[in-house]
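# An overview of the molecular structure
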Amino acid sequence: MSDQPTRIHAVHTVAVPVSDQDRALAFYVGTLGLETRRDIPMGGAGRWIEVAPPGAPTTIALAPATDGTPAGGLTGIRLATTDAAADRAALSARGVGVDDLLRWPGVPPMFEFRDPDGNGLVVVEADAAPPA
């Protein structure tokens, strides 16, 4: 075993299981405003689709759901924003079910929402200074 640490230096892609890739792509691009980075055929009828906020280094893969990785769970994905309250209002106006805006002492404002498959995502005001 080597004493050298790994060469891991970034998160490249996280995968979200979806039941309908076209519907998911329409939501992530059309509703959330992400851009399509890859959309290529893979074995069978599925595709390898990656989306991301413009300029972001990490992508979200909209992977076909399977028995082992069903759609509809909490993803753990946190999407960064500069204004959580404004984005919550914008998504709500587009018909997305959003939870209450959470404002805890010392923690940036955030809210949870679900994509069309029920996958839970969180928007967090990452650029905000912590409340005094």
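Here the structure is a predicted model, which is why all the values come from computation and not from measurement.

### Things to note about the packing of aromatic side chains
Aromatic rings in a pair are described by how distant their centres are and how their planes are angled relative to each other. Counted according to the given criterion, the structure contains 3 aromatic pairs. Note on Phe27 and Tyr28: the rings are 5.5 Å apart at their centroids and 85 degrees apart in plane angle, and the pair reads as edge-to-face. Consider the rings of Phe27 and Phe113, whose centres lie 6.4 Å apart with planes at 45 degrees: the pair is tilted. Taken together, the residues span a long stretch of sequence, with Phe27 in helix H1 (residues 21-31) and Phe113 in strand E6 (residues 110-114) at a distance of 86 residues. You can call Phe27 buried: its relative accessible area is 9%. Cluster of aromatic residues (ring-pair linked, three or more members): Phe27, Tyr28, Phe111 and Phe113.

### With respect to the pattern of salt bridges
Using the criterion set out here, one finds 6 salt bridges in the structure. Glu50 is paired through a salt bridge with Arg38; the nearest N and O atoms lie 3.0 Å apart. Taken together, the positions of Glu50 in strand E3 (residues 47-52) and Arg38 in strand E2 (residues 35-41) put the pair 12 residues apart, joining distant regions of the chain. The salt bridge partner of Glu112 is Arg114, with a shortest N-O separation of 3.4 Å. Its relative accessible area of 22% is what places Glu112 among the partly exposed residues. Take Arg114: its relative accessible area is 39%, and that puts it in the partly exposed class. Among the charged side chains, a network of salt bridges with common partners joins Asp22, Asp39 and Arg47.

### Let's talk about the sheet that holds E3
With mixed pairing, the 4 strands of this open sheet are ordered in space as E1-E4-E3-E2. Here the strands that pair on one side only, and so sit at the sheet edges, are strand E1 (13-18) and E2. For this sheet, the mean inter-axis angle between neighbouring strands, taken without regard to orientation, is 25 degrees. Of the strand pairs in this sheet, E3 and strand E4 (residues 59-64) are connected by 2 bridges, and their pairing is antiparallel. Residue pairing in the sheet places Val51 in a bridge with Ile60 of E4. The strands touched by H1 are E1, E2, E3 and E4; relative to E3, the strand with the most contacts, the crossing angle is about 10 degrees.

### A look at the confidence of the model for the chain
Residues with a pLDDT of 70 or more make up 93% of the chain, whose mean pLDDT is 90. No element of the chain has a lower mean pLDDT than strand E5 (residues 74-80), at 92, and none a higher one than H1, at 97.

Cut-offs used in this document
- Residues numbered from 1 in each chain as written.
- Predicted model: local features only at pLDDT ≥ 70, side-chain atom pairs only at ≥ 80, totals over all residues.
- Heavy atoms only, no water.
- Phe/Tyr/Trp six-rings, centres within 6.5 Å; stacked < 30°, edge-to-face > 60°.
- Helix = DSSP H or I, 4+ residues; strand = E, 2+ residues; numbered from the N terminus.
- Buried < 20%, exposed > 50% of the residue type's maximum accessible area, 1.4 Å probe, protein only.
- Salt bridge = Lys/Arg side-chain N within 4 Å of Asp/Glu carboxyl O.
- Pairing = 2+ DSSP bridges.
- Axes fitted to C-alpha atoms, helices over the stretch in contact; angles between N-to-C directions.
- Contact = heavy atoms within 4.5 Å.
- pLDDT = per-residue confidence, 0-100.

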